[in-house]
Amino acid sequence: MAFDIDRYTATSVAVDWSDLDLEAFRREPLPGSSLRTLRYMADVEYHTVCYTRDLLTTPSHRESDVSAFMTMWNREEFWHGEALAAVLAVHGVSIDYDELKASRLKLGWKDRLDPIKQSVLGGLVGQDFVAVHMSWGAANEWSAITAYQRMAELEEHPVLAELLRRIAKQEARHVAFYTSQARERLAASTKAQKVTRFALSRFWAPVGSSIMAPEEVRHVMGHLMSGEEGRRAARKVDDSISGMPGLAGLTIVQDALDRLGVAS
Amino acid sequence: MDDLSGAGSTPTIGVEPAPFDVRDFARTAHGSHREGLDLEAIPDAALTREAVRTILTLAELEGATMAHLRNVLVTATHKDARVTAFLVSWAYEKYWVADALRAVAGAAAPVGATRANDASRPAVAAAPVRARGRGPIRRALAGFAQGSDVIGAHLALGCVDDLVLDLAYARLAGDVPTADGTPDPALGDAIRRIRAIKARHSAFFHEEATRRLETSPRAARLARRELSRAAWPLGAASVSDEDRRSFARFALGGDPGSASALERGIRSLAGIDERTAARVTGRLAG
C-alpha cells in the first residue's frame, strides 16, 4: 500500500513522555551495561541529521515526498534522542550539545569524505541510487525497532518498556515510508536491484557503526542481539529485507553479528 | 511572576541577554497553522495576482529547506550539535509556514487565476532545479579548508535570507497588495503568525552569526564571501527565474527605502561591510 505522506506529516509529533514516571528509575535504576546501550541509542538518534546529510547529496532531495518525510523524520528522531537523554539524566548521565559536538569532531576524515563518496556514487548511478538509500533506511529502521523491542524485553522495566514502545511505534512509520519507496524503486529497475544488493551486502553495518567506537558497537550488539532470542530477532529483520524485490537471500544483519563476533 | 523580571523585558545595559534557548525552541516549535488560519474569512480575489504569485513563491522558498541543509551539512556545520538541533526544528516550522502560505494563496487568489492547490505540497520534482551556486561536492571540499569558521558564514546566510524574505512579508502585511486597496484582517493575521514564527529563526541566526563573526575575522571573511556569492533569496534554485525576479520586484518595490533598510540589516552583522550588503541587494534585484 502506498505511504500517505500528507497523513504522515499531519500526524507527526514529538514523542511524549511527560506522563511517564521517570522517577521510577531512581527506585529501580538500570544497570550500567544497559545505560551504555541507551547512551549509544541516544547518540545515534541525535546523529540522524548526519545521515540526512548523506541522503541529501544525491538526487533524492529533489523529490517532494522525500523532503517532506525527511523533515518530519529528522524531528522525530531528534526527540527520540531527547527522550532517551531524559532517562539517562535520571541516572546522572547528561548529554549536552557541546558534548555531542565533541564526539562529532572526533569522526575525522571518513566523516568528511562520506558525503563526497555518496555524491559521486549518486551521480554515477543516477536515479537508481535513491533505491539504495531507501532500502538502507528500511534496514536501519527495522533494526532500530528490533533493538528497542529487545531492550524492552531484556530490561523488563515497565516505564522503559512503555517509552521504547512509543519510540518504536514512530519508527514503524519510518519503516513504512522507506519500504514503500524502496519496493517501488526496486520493482521498477533491475539496475536498482543490483546496485542495492551490492551496496547492502558489501557495506551495510549496524546503525551507529559509522559514528560510534567499534567497542561500543560490539557492546550494544552483544547486549541486544546475542543468544538464541537475539539471533531470531536478527533473522526476522533479514527476512524483511530479503523480502524486497531483488534482495532475496540477503542476510546482512546476521552477517554483521558474525563479523562482530556476537555469540549466537 | 513579576513581569518586569521575566523573559522579554528590556535588558539592562551591560547585562548580556540570555542566549537563545535551542531546547525551548525545539519544545515549542509550531506545526500546522491550518486550524489557526481563518481561510473562510479571506474573500476570493482579496489579493492582486502579483501578491498571490509572491505568496506562492514564498511557499516554495520557505519549503526549500532540504536543499539548503544539503549545502550546509556537508561542511563542519553538521558537527555543531546546537546548530543542527536548531535546524531540525527550523526545517519543521518552515515546512508548515510553506503549507500555510499555499493555503492563504489558494483562498485569496483572484477570480480566473490558477488557484493554488491548498491541500498538497508543491511538486518540487517538477520545478526547474538548476545549478545555482556550488554543489555539495565542491562545498564539502571547500569545507575541508574552511573548518568550523564556515558555520558563522552559514548562520549569516540564514540571517540575511530572513531579512530578504521579510521585505515581502512586510509588504504583504500592509494594505498595498489587496485588490481593493483596503487591509484584510484575516490575511493580516496569517502574515503576522508567519512573521512571529520567523522572528525566532532570525533571532537565533543573528545571535549565533554575530557571536562567531565577532570572534573570528576568518569567519567574517568567509561570511562576506558566501553572502556575495549566494543566489538571493537562498531557495532561488527551487523556483523559476521569472518567479524569482517577480518576487524580488515585489520585495523591493514597496517602500522606496526597502533596499537601504535591507542593507542596514545586513550590515548589522559583525564584520559585514557596505560592499557586501550592496552585492546582496544587487544580486537580489538582478
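Computed from a prediction, not measured in an experiment: that's the story for all the values here. (Residues numbered from 1 in each chain as written. Chains lettered and ligands numbered in written order. Predicted model: local features only at pLDDT ≥ 70, side-chain atom pairs only at ≥ 80, totals over all residues. Heavy atoms only, no water.)

## Some remarks on the overall build of chain B
Stated formally: Put simply, DSSP marks the helices as runs of H or I at least four residues long and the strands as runs of E at least two long, and each gets a number from the N terminus on. Residue burial is assigned from relative accessible area. The probe radius is 1.4 Å, only protein chains are included, and a residue is buried under 20% of its type maximum, exposed over 50%, and partly exposed in between. When checking whether two residues touch, look at their non-hydrogen atoms; a contact exists if any pair is within 4.5 Å.
When helices and strands are tallied, chain B shows eleven helices and zero strands. When the helices and strands of chain B are listed from N to C terminus, the series reads α-α-α-α-α-α-α-α-α-α-α. Across the 286 residues that make up chain B, the buried fraction comes to 54%. Long-range contacts, defined here as pairs at least 24 residues apart, represent 85% of the contacts in chain B between residues at least 6 apart.

## Brief notes about empty space enclosed by the protein
Residue and element names in this part refer to chain B. What counts here: In the cavity and pocket records, a cavity denotes points on a 1 Å grid over the protein atoms alone where a 1.4 Å probe fits but cannot get out, a pocket denotes an open set with protein on both sides within 12 Å along at least 5 of 7 lines, and lining residues are residues with an atom within 4 Å of a point. Grid points are joined across faces, edges and corners, and a volume is the space filled by probe spheres set on the points.
Enumeration over the complete set of coordinates arrives at three cavities of 30 Å³ or more. In this structure, the second largest cavity encloses a volume near 60 Å³. As for the second largest cavity, its lining consists of His68, Val72, Thr77, Val83, Leu87, Ile151, His154, Leu155 and Phe205. The leading source of residues in the lining of the second largest cavity is helix α6 (residues 149-173), at three residues.

## Quick notes on the packing of aromatic side chains
Residue and element names in this part refer to chain A. Convention followed: Note on aromatic contacts: the rings of Phe and Tyr and the six-membered ring of Trp form a pair at centre separations within 6.5 Å, being stacked when their planes are under 30 degrees apart, edge-to-face when over 60 apart, and tilted otherwise.
For the structure shown, the criterion picks out 22 aromatic pairs over all chains. Note on Trp17 and Trp79: the rings are 6.1 Å apart at their centroids and 45° apart in plane angle, and the pair reads as tilted. Taken together, the residues span a long stretch of sequence, with Trp17 in the loop between α1 (5-11) and α2 (24-27) and Trp79 in helix α5 (residues 64-90) at a distance of 62 residues. The exposure class of Trp17 is buried, given its relative accessible area of 19%. Each ring, one from Phe177 and one from Tyr178, has its centre 5.7 Å from the other, and the planes form 70°; the classification is edge-to-face. Residues Phe177 and Tyr178 agree in their burial class; the two are buried. An aromatic cluster is built from Phe3, Tyr8, Phe69, Trp73, Phe177 and Tyr178, whose rings are joined through pairwise contacts.

## Digging into the pattern of salt bridges
Residues and elements named next belong to chain A. Put simply, the rule is: By convention in these notes, a salt bridge is any Lys or Arg side-chain nitrogen within 4 Å of a carboxyl oxygen on Asp or Glu.
Applying the stated criterion to the full structure yields 27 salt bridges over all chains. Between Glu228 and Arg232 there is a salt bridge; the shortest N-O distance is 3.3 Å. Remark: Arg232 and Glu228 occur in helix α12 (residues 227-242); sequence separation between them is four residues, near one turn of the helix. We classify Glu228 as exposed; its relative accessible area is 60%.

## What to know about the side chain of A:His47
Residues and elements named next belong to chain A. Put simply, the test is: We call two N or O atoms a polar contact when they sit within 3.5 Å, provided that within protein one can donate a hydrogen and the other can accept it, with sequence-adjacent residues counted only if both atoms are side-chain atoms.
If you trace the backbone, His47 turns up in the loop between α3 (32-46) and α4 (48-56). Looking at His47, the relative accessible area reads 1%, which means it is buried. Within the local environment of His47, its side chain forms a polar contact with the backbone oxygen of Asp43, the two atoms lying 2.8 Å apart.

## Here we look at the environment of B:Arg49
Checked against the element boundaries, B:Arg49 lands in helix α2 (residues 49-63). Residues B:Arg49 and B:Ala109, spaced 60 residues apart in sequence, show a C-alpha to C-alpha distance of 7.1 Å.

## A few points about the packing of α2(B) against α6(B)
Geometrically, a packed helix pair is captured by the angle between its two axes and the distance between the axes. Residue and element names in this part refer to chain B. Put simply, the test is: Angles run from 0 to 180 degrees between N-to-C directions of axes, and those axes are lines fitted to C-alpha atoms, restricted for helices to the stretch in contact. For a crossing to be left-handed, the near helix must be turned anticlockwise from the far one by less than a right angle; the clockwise case is right-handed.
The geometry of α2 relative to α6 is characterised by a closest axis approach of 11 Å and an angle of 145° between their N-to-C directions. For α2 against α6, the interelement crossing comes out left-handed. Across the interface between the two elements, Glu50, Ala51, Thr54, Ile55, Leu58, Leu61 and Glu62 from α2 touch Leu165, Ala168, Tyr169, Arg171 and Leu172 from α6.

## Remarks on the nonpolar core
Quick note on the threshold: Buried Ala, Val, Leu, Ile, Met, Phe, Trp, Tyr and Cys residues form a nonpolar core when they are joined through side-chain atoms within 4.5 Å.
Judged by nonpolar contacts, the single largest core of 168 residues is most densely connected at A:Trp17, A:Leu22, A:Leu38, A:Ile241, B:Phe86, B:Leu213 and B:Trp232. Sorting elements by how many residues they give to this core places helix α4 (residues 81-108) of chain B first, with 19 residues. Sequence-distant contacts of B:Leu213, that is, excluding residues within four places in its chain, are made with B:Gly152, B:Ala156, B:Ala219, B:Ala220, B:Ala223, B:Leu269, B:Ala270 and B:Ile272.

## Details of the environment of A:Arg235
Residues and elements named next belong to chain A. With respect to the helices, strands and loops of the structure, Arg235 is situated in helix α12. Of the residues examined, Arg235 reaches a relative accessible area of 39% and is grouped as partly exposed. Sequence spacing of Arg235 and Thr251 is 16 residues, and the spatial spacing of their C-alpha atoms is 7.5 Å.

## So, the confidence of the model for chain B
All names here are of chain B. This is how the line gets drawn: Confidence scores labelled pLDDT are given residue by residue by the predictor and lie between 0 and 100.
In this model, chain B carries an average pLDDT of 82, and 79% of its residues clear a pLDDT of 70 or more. Least confident of the elements in chain B is helix α5 (residues 136-146), whose mean pLDDT is 62; most confident is helix α11 (residues 274-285), at 96. Considering only residues more than four positions removed or in separate chains, one finds that residues 1-13, a stretch of pLDDT under 50, has four contacts. Between residues 114-133, whose pLDDT stays under 50, and residues either more than four places distant or in other chains, the model counts 47 contacts.

## As for α3(A)
For an α-helix, 3.6 residues make a turn, and residues three or four places apart therefore share a direction. Residue and element names in this part refer to chain A. Basically, it comes down to this: Expected helix span is given by 1.5 Å per residue-to-residue step, counting one fewer step than there are residues.
Counted at 1.5 Å a residue, the expected span for α3 with its 15 residues is 21 Å, and the 21 Å between its end C-alpha atoms agrees. Counting buried positions along α3 gives twelve out of 15 residues, so the element sits mostly inside the fold. Here α3 has its buried residues at Ser34, Leu35, Thr37, Leu38, Arg39, Tyr40, Met41, Ala42, Asp43, Val44, Glu45 and Tyr46.

## So, the environment of B:Arg195
Locating B:Arg195 in the fold gives a position in helix α7 (residues 185-215). For B:Arg195, the contacting residues outside a window of four places in its chain are B:Asp166, B:Tyr169, B:Ala170 and B:Ala173.

## Comments concerning α12(A)
Residue and element names in this part refer to chain A. If you check α12, its first and last C-alpha atoms are 22 Å apart, about what 16 residues at 1.5 Å a residue would give, namely 22 Å. Along α12, the residues that are buried comprise Gly230, Arg231, Ala233, Ala234, Val237, Asp238, Ile241 and Ser242. Looking at the packing, one finds that the buried side of α12 touches α8 (129-155), α10 (190-203), α11 (214-225) and α13 (252-260).

## Some points on unusual backbone geometry
Omega for the bond connecting B:Trp232 with B:Pro233 falls within 30 degrees of zero, at -10°, which places this linkage in the cis form. Relative to the helices and strands, B:Pro233 resides in the loop between α8 (217-229) and α9 (241-252). The phi dihedral of A:Glu156 is positive, around 50°, even though this residue is not glycine. When you line up the elements, A:Glu156 lands in the loop between α8 and α9 (158-188). With a relative accessible area of 68%, A:Glu156 lands in the exposed category.

## Side note on the side chain of A:Gln254
All names here are of chain A. Structurally, Gln254 is set in helix α13. Taking relative accessible area as the criterion, Gln254 reaches 16% and is therefore assigned buried. Once you skip the residues sitting within four places of it in the chain, Gln254 turns out to touch Arg231, Ala234, Arg235 and Asp238.

## What about the packing of α2(B) against α9(B)?
Residue and element names in this part refer to chain B. What counts is decided by this rule: For classification, angles of less than 35 degrees are called roughly parallel, those exceeding 145 degrees roughly antiparallel, those between 65 and 115 degrees roughly perpendicular, and all remaining angles oblique. Charged means Asp, Glu, Lys or Arg here, nonpolar means Ala, Val, Leu, Ile, Met, Phe, Trp, Tyr, Cys or Pro, and polar covers whatever is left, Gly included.
In the contact formed by α2 and α9, the axes pass within 9 Å of each other and the chain directions differ by 115°. With respect to their mutual orientation, α2 and α9 come out roughly perpendicular. In the crossing of α2 with α9, the sense of the turn from one axis to the other is left-handed. Facing α2, whose interface residues are Glu50, Ala51, Arg53, Thr54, Thr57, Leu58 and Leu61, α9 presents Glu242, Asp243, Ser246, Phe247 and Phe250. In the contact of α2 with α9, the residues fall into five nonpolar, three polar and four charged.

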